[in-house]
Amino acid sequence: MILTPNAPAATHSPFHFRSARAHDGAALWRLVQASGTLELNSAYFYLLFATDFGQTCLVAEHGGQVAGAVIGYHPPQQPETAFVWQVGLLPEHRGQGLGPALLHAWLALPANQRCRWVTATVAPDNAASLALFQRLARELGVACQSEPLFTPDMFPHPHPAEPLLRIGPLDRTPP
Ligand SMILES: CC(C)(COP(=O)(O)OP(=O)(O)OC[C@H]1O[C@@H](n2cnc3c(N)ncnc32)[C@H](O)[C@@H]1OP(=O)(O)O)[C@@H](O)C(=O)NCCC(=O)NCCS
């Protein structure tokens, strides 16, 4: 799938969107490291995710490099839910509408086509993340509701709460 985001400066070449494969693990780790705001987990974790959950992860390539990604999975007890664990873009590609385009392309992946709910946790100080998911809900014409999930006392170290955002229900009836 090749998509061009709504870039005000139309000088960017297209992005190529695809699901992830095992060999993307290292690139996902580098992307999260370069994002500056996402919590960096071990390289092993990204390798494992790309290997076992690659079908529910989206990679955005630009010039042959991984420039953005949505790392997600289906919670085992909620097969109609697609959870966004991390979404990020290299800094030079932000502010051009690509973040929402990434989420739409991720929802369109074959593995996600039956999902009627999108969930994610968003720390209260991450304004960009909150705005991104609220915009997704707006564009899909569905509600975006917040409920408690991970509270500070559940973490082994000082950490803000991570409430759950629930977006939906989506109408996934085939045309
Ligand atoms: C979050 C991210 C993917 C958004 O992608 P993007 O292409 O830059 O987003 P857009 O420019 O299309 O903006 C989408 C919405 O977010 C808002 N937004 C973007 N960056 C913002 C910021 N730093 N602070 C507040 N709002 C911001 C925009 O105003 C827009 O909201 P609107 O439609 O109500 O005007 C990108 O900023 C990013 O990679 N950030 C670092 C990683 C991160 O924090 N990920 C989210 C946590 S999982």
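Residues numbered from 1 in each chain as written. Predicted model: local features only at pLDDT ≥ 70, side-chain atom pairs only at ≥ 80, totals over all residues. Heavy atoms only, no water.

**Considering the nonpolar core**
If you look at the biggest cluster of nonpolar residues, it comprises 43 residues, and the most contacted ones within it are Val 84, Leu 103, Trp 106 and Phe 133. A per-element tally of this core places helix α3 (residues 98-107) first, with seven residues. Residues contacting Leu 103, with those up to four places away along its chain left out, are Val 70, Val 84, Val 87, Leu 132, Phe 133 and Leu 136. (Core = buried A, V, L, I, M, F, W, Y, C linked by side-chain atoms within 4.5 Å. Buried < 20%, exposed > 50% of the residue type's maximum accessible area, 1.4 Å probe, protein only. Helix = DSSP H or I, 4+ residues; strand = E, 2+ residues; numbered from the N terminus. Contact = heavy atoms within 4.5 Å.)

**A look at the packing of aromatic side chains**
The tally for this structure, following the rule as stated, stands at eight aromatic pairs. Residues Phe 49 and Phe 53 carry aromatic rings whose centres are separated by 5.0 Å and whose planes lie at 40 degrees to one another, so their mutual orientation is tilted. Here the aromatic cluster, defined as three or more aromatic residues joined through ring pairs, consists of Phe 45, Tyr 46, Phe 49, Phe 53, Tyr 73, Phe 83 and Trp 85. Lying over the aromatic face of Trp 117, Arg 166 brings its terminal NZ or CZ to 5.8 Å of the ring centre. (Phe/Tyr/Trp six-rings, centres within 6.5 Å; stacked < 30°, edge-to-face > 60°. Lys NZ or Arg CZ within 6 Å of the ring centre and 35° of its normal.)

**Some remarks on the site of the ligand**
Within the structure, the ligand sits among 20 residues, and Val 87, Leu 89, Gly 95, Gly 99 and Arg 135 are positioned closest to it. Between the ligand and Leu 89, the relevant distance is 2.8 Å, taken from an oxygen atom to a main-chain nitrogen or oxygen of the residue. In the model, an oxygen atom of the ligand is placed 3.4 Å from a nitrogen or oxygen of the Asn 126 side chain. Here the ligand, which alone exposes 920 Å², has 72% of that area covered by the protein. Of all the elements in the fold, those that place two or more residues in the shell around the ligand are β5 (81-89), α3 and α4 (127-140). For the shell around the ligand, the per-class residue count stands at nine nonpolar, eight polar and three charged. (Near = heavy atom within 4 Å. Polar contact = N/O pair within 3.5 Å; in protein donor to acceptor, adjacent residues only side chain to side chain. Areas by Shrake-Rupley, 256 points an atom, 1.4 Å probe, with all protein chains shown as cover. Nonpolar A, V, L, I, M, F, W, Y, C, P; charged D, E, K, R; others polar.)

**Side note on the environment of Arg 114**
Tracing the sequence through the fold places Arg 114 in the loop between α3 and β6 (117-121). We classify Arg 114 as exposed; its relative accessible area is 72%. Sequence separation between Arg 114 and Pro 100 is 14 residues, and the spatial gap between their C-alpha atoms is 19 Å. Among all residues touching Arg 114, those that are not within four sequence positions of it are Glu 80 and Arg 172.

**Thoughts on the layout of surface pockets**
Considering only enclosed or pocket space, the largest pocket measures out at about 1300 Å³ in volume. Every residue lining the largest pocket is counted, 44 residues in all, and those nearest its centre are Leu 38, Trp 85, Thr 121, Asn 126 and Ser 129. Elements supplying a minimum of two residues to the lining of the largest pocket: β5, α3, β6, α4, β7 (143-150) and β8 (162-168). In terms of residue count, β5 provides more of the lining of the largest pocket than any other element does, seven residues in total. Tallied by class, residues from the lining of the largest pocket come to 22 nonpolar, 16 polar and six charged. (1 Å grid on protein atoms, 1.4 Å probe; cavity = no way out; pocket = protein on both sides within 12 Å on 5 of 7 lines; lining within 4 Å. Points joined across faces, edges and corners; volume = space filled by probe spheres on them.)

**Describing the pattern of salt bridges**
Opposite charge on two side chains permits them to pair, given that their charged atoms come into close proximity. In this structure the tally under the stated criterion is five salt bridges. Residue Arg 18 pairs with Glu 61 through a salt bridge whose shortest N-O separation is 3.2 Å. Here Arg 18 is found in strand β2 (residues 15-19), whereas its partner Glu 61 is found in strand β3 (residues 57-62), with 43 residues between them in sequence. Judged by relative accessible area, Arg 18 falls into the buried class, the value being 12%. Glu 61 gets classed as buried once you look at its relative accessible area, which sits at 18%. A salt bridge links Arg 166 to Glu 147; the nearest nitrogen and oxygen atoms lie 3.5 Å apart. A residue pair is termed long-range when its members are at least 10 positions apart, and Arg 166 in strand β8 and Glu 147 in strand β7 qualify at 19 residues. One salt-bridge network, held together by shared partners, links Arg 18, Asp 24 and Glu 61. (Salt bridge = Lys/Arg side-chain N within 4 Å of Asp/Glu carboxyl O.)

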